[in-house]
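# Inside the fold
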Amino acid sequence: MGKRQTQEINAGSMADIAFLLLIFFLVTTTMDVDSGLSRQLPPPAPDEEADQPPPIRERNVLIVLINKDNQLAVEGELFNVVNLMDKVKIFVTNPRNDKDLSDNNTLAERRDIAIADNKENDVHRYTRLIKVFGSSIRVSKGVVSLQNDRGTSYKMYIAVQNELVSAFNELRDELSQQTFGKKYNDLSEDSQKLVREIYPLSISEAEPRNIGG
Amino acid sequence: MQFRKKKAGGTPPISTASLPDIVFMLLFFFMVSTTMRETDLKIKVHVPEATEIKKLEKKSLVSYINVGIPLENFRDIYGTEPRIQLNDKLSDINDISGFIEMERKKHDENEIPKLTTSLKVDEEAKMGIVTDIKQELRKVQALKINYSTRKGVKRE
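All values derive from a computational prediction rather than experimental measurement. Think of each chain on its own: its residues are numbered from 1, step by step along the sequence as written. Working convention: letters from A go to chains and numbers from 1 go to ligands, in the order in which they are written. For this predicted model, a pLDDT threshold of at least 70 governs which residues receive local features, and a threshold of 80 or more governs which side-chain atom pairs are given and counted, while totals over whole chains, interfaces and linings are taken from all residues. With hydrogens and water excluded, all non-hydrogen atoms of the structure serve as input to the side-chain values.

## A short note on the overall build of chain B
Helices and strands together make up the secondary structure of chain B, namely five helices and nine strands. Here a strand is any run of E in DSSP of at least two residues, a helix any run of H or I of at least four, and the numbering for each starts at the N terminus. The secondary structure elements of chain B, listed N-terminal to C-terminal, are α-α-β-β-β-β-α-β-β-α-β-α-β-β. Looking at chain B residue by residue over its 156 residues, the buried ones come to 40%. Taking the intrachain contacts of chain B between residues at least 6 apart in sequence as the baseline, contacts between residues at least 24 apart amount to 71%. Per-residue accessibility takes into account occlusion by the displayed protein chains alone, with areas from the Shrake-Rupley method and a 1.4 Å probe. Surface exposure of chain B reaches about 10300 Å², of which carbon and sulfur atoms provide 55%. Partly exposed residues are those whose accessible area sits between 20% and 50% of the maximum for their type, while under 20% is buried and over 50% is exposed, using a 1.4 Å probe and protein chains only. Note on definitions: a residue-residue contact is assigned when non-hydrogen atoms from the two residues lie within 4.5 Å.

Encoded structure:
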């Protein structure tokens, strides 16, 4: 064995150097994915009376109040956050056809109304929905109106928001399980859109004002 | 030595020549996935928990508004009331519209409707300041918002 012509660089310490860098990046990495509750704000309030949206009938609004002491009231009654989800679900689906809860005509009835009113777009839309879900599915006109005081803590506010969203998510899950046999999140984009048309996330955040100051 | 003899006859040692390659691969993965913290928070932000959360998809389309109580070493200057921090400096409620304008200028025109504002609000803050921010955002038509939360455990 003779001497080599060129001397090779010793790469033995390469691993050590790479390890050092690796550990540095391991330590500095923060893998936090940003997540949260997404919400769409209403456009700025119109100045003129003429631009006001049509009023919603009282039975279709579920008023949820949080006062400055973080107490929750639904339709004027003190409520526990834990029970809020069920309350919202009952309000939206209105299984017993209660006159005080939200309007919940079936898709077929809605289409008939649209035909009577000569609203071609709506007729088209309901026909499409009936094809997918069947005519006996009920669509709610219910809106949850969330009002809070300036002194309400953010933690409580998010807790309530979370309950409201989870109520709607459960309804969507139930419907998609029933129609497609899958959970809402596993559906295709198009099917999700259809389910959303039946159960839109109708949470309205009121114009700020002081309640229970 | 007995020890040596045995080894010579057994399996050859595993080559460690590819170890640097493996380590480099890991290294590149972490280098790419690392996001260095861009802003130094002068306020304490401990976001509340929620279960029904959605991931924010495109990070480049998100601008952040932080709200919280100033950290201890800044309390002499900024007080103990919750404050707003946009990028690096503590700001006033009136600075938000300017901030949104700035964020919009960084993006294409067709991306503007997709811009999301993430509200990172400390759980101890009051809704008053959040409501003010929301009103301000409505004024400048930045309507997509996200209440930043941690992942919580769903109650049965």
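## Some thoughts on the interface of chain A and chain B
Taken together, the contact between chain A and chain B spans 47 residues of the former and 51 residues of the latter. Summed over both partners, the interface of chain A with chain B comes to about 4500 Å²; 61% of that surface belongs to carbon and sulfur atoms. Once two parts are joined, some of their accessible surface, as seen by a 1.4 Å probe, is lost; buried area is that loss totalled over both. On the chain A side of the interface with chain B, the three residues burying the most area are D34, L41 and Y154 of chain A, jointly 18% of the side's total. Just to be clear on terms, a salt bridge is a Lys or Arg side-chain nitrogen sitting within 4 Å of an Asp or Glu carboxyl oxygen. Taking the shortest distance from any N to any O, the salt bridge between D132 of chain B and R150 of chain A comes out at 2.9 Å. Counted as a polar contact is a pair of N or O atoms within 3.5 Å, where, for protein atoms, one must be capable of donating a hydrogen and the other of accepting one, and residues adjacent in sequence contribute only when both atoms are in side chains. Taken together, the connections running from chain A to chain B amount to 17 residue pairs in polar contact (both at pLDDT 80 or more). Every element with two or more residues in the side of chain A that touches chain B is listed here: helix 1 (14-28), strand 1 (35-40) and helix 5 (154-180) of chain A. Of the residues contributing to the side of chain A that touches chain B, the split by class is 22 nonpolar, 15 polar and ten charged. Polarity classes work like this: nonpolar for Ala, Val, Leu, Ile, Met, Phe, Trp, Tyr, Cys and Pro, charged for Asp, Glu, Lys and Arg, and polar for all others, with Gly in that last group.

## Things to note about the pattern of salt bridges
Pairing is possible between side chains of opposite charge, provided their charged atoms come close. The full count for this structure, using the stated rule, is twelve salt bridges over all chains. Close ionic contact of K44 of chain B with D122 of chain B constitutes a salt bridge, the shortest N to O distance being 3.3 Å. Note that K44 of chain B is positioned in strand 1 (residues 43-44) and D122 of chain B in the loop between strand 7 (116-121) and helix 5 (127-139), a separation of 78 residues in sequence. Under the relative-accessibility criterion, K44 of chain B is labelled partly exposed at 33%. Given a relative accessible area of 1%, D122 of chain B falls into the buried group. A single network of salt bridges, built from pairs that share partners, joins K89, E170 and E174 of chain A.

## Brief notes about a negative patch on the surface
Residues and elements named next belong to chain A. Residues enter patches when their relative accessible area tops 30% and they take part in no salt bridge; the joining distance is 9 Å for like charges and 5 Å for the nonpolar side chains Val, Leu, Ile, Met, Phe, Trp and Tyr. The positive count covers Lys and Arg only, the negative count covers Asp and Glu only, and His and the chain ends enter neither. For the purpose of locating charges, the reference atoms are NZ of Lys, CZ of Arg, CG of Asp and CD of Glu. A cluster of like negative charges, contributed by E58, E75, E77, D98 and D100, occupies part of the molecular surface. Tracing the chain through its elements places D98 in the loop between helix 2 (81-93) and helix 3 (107-116). The class for D98 is partly exposed, based on a relative accessible area of 36%.

## Focus on the packing of helix 2 of chain A against helix 5 of chain A
Residue and element names in this part refer to chain A. All axes are obtained by fitting lines to C-alpha atoms, using only the stretch in contact for helices, and the reported angles, taken between N-to-C directions, cover 0 to 180 degrees. One can describe the packing of helix 2 onto helix 5 by two numbers: an axis separation of 9 Å at closest approach and a directional angle of 45°. In terms of their interaxial angle, helix 2 and helix 5 are classed as oblique. Of the two elements, helix 2 crosses helix 5, and the hand of that crossing is right-handed. Only M156, A159, V160, E163, L164, S166, A167, F168, E170, L171 and E174 of helix 5 make contact with helix 2, whose side of the interface consists of V81, V82, L84, M85, V88, K89, V92 and T93. For classification purposes, an angle smaller than 35 degrees is called roughly parallel, one larger than 145 roughly antiparallel, one from 65 to 115 roughly perpendicular, and anything else oblique. Helix crossings get a hand from a simple test, with the near helix turned counterclockwise from the far one by less than a right angle marking a left-handed crossing and a clockwise turn marking a right-handed one.

## Description of the packing of helix 3 of chain A against helix 4 (residues 120-133) of chain A
Geometry of a packed helix pair, given as the angle between the helix axes and the separation of the axes. Residue and element names in this part refer to chain A. At their nearest, the axes of helix 3 and helix 4 sit 9 Å apart, and the two run at 160° to each other. Taken together, helix 3 and helix 4 sit at an angle that is classed as roughly antiparallel. Between helix 3 and helix 4 lies a crossing of left-handed hand. In contact with L107, A108, R110, R111, A114 and I115 of helix 3, helix 4 contributes D122, V123, Y126, T127, L129, I130 and F133. Considered class by class, the residues forming the contact of helix 3 with helix 4 number nine nonpolar, one polar and three charged.

## Remarks on the sheet that holds strand 6 (residues 203-205) of chain A
Residue and element names in this part refer to chain A. One requirement defines pairing of two strands: DSSP has to find at least two bridges between them. If you walk across this open sheet you meet the five strands as 4-3-2-5-6, and the pairing is mixed. Each having just a single partner strand, strand 4 (77-79) and strand 6 make up the two edges of the open sheet. Taken pair by pair, the neighbouring strands of this sheet meet at an average axis angle of 30°, ignoring direction. Note that strand 2 (residues 61-66) and strand 5 (residues 143-148) share six bridges and pair parallel. Across the sheet, residue V64 finds its bridge partner in strand 5, namely L146.

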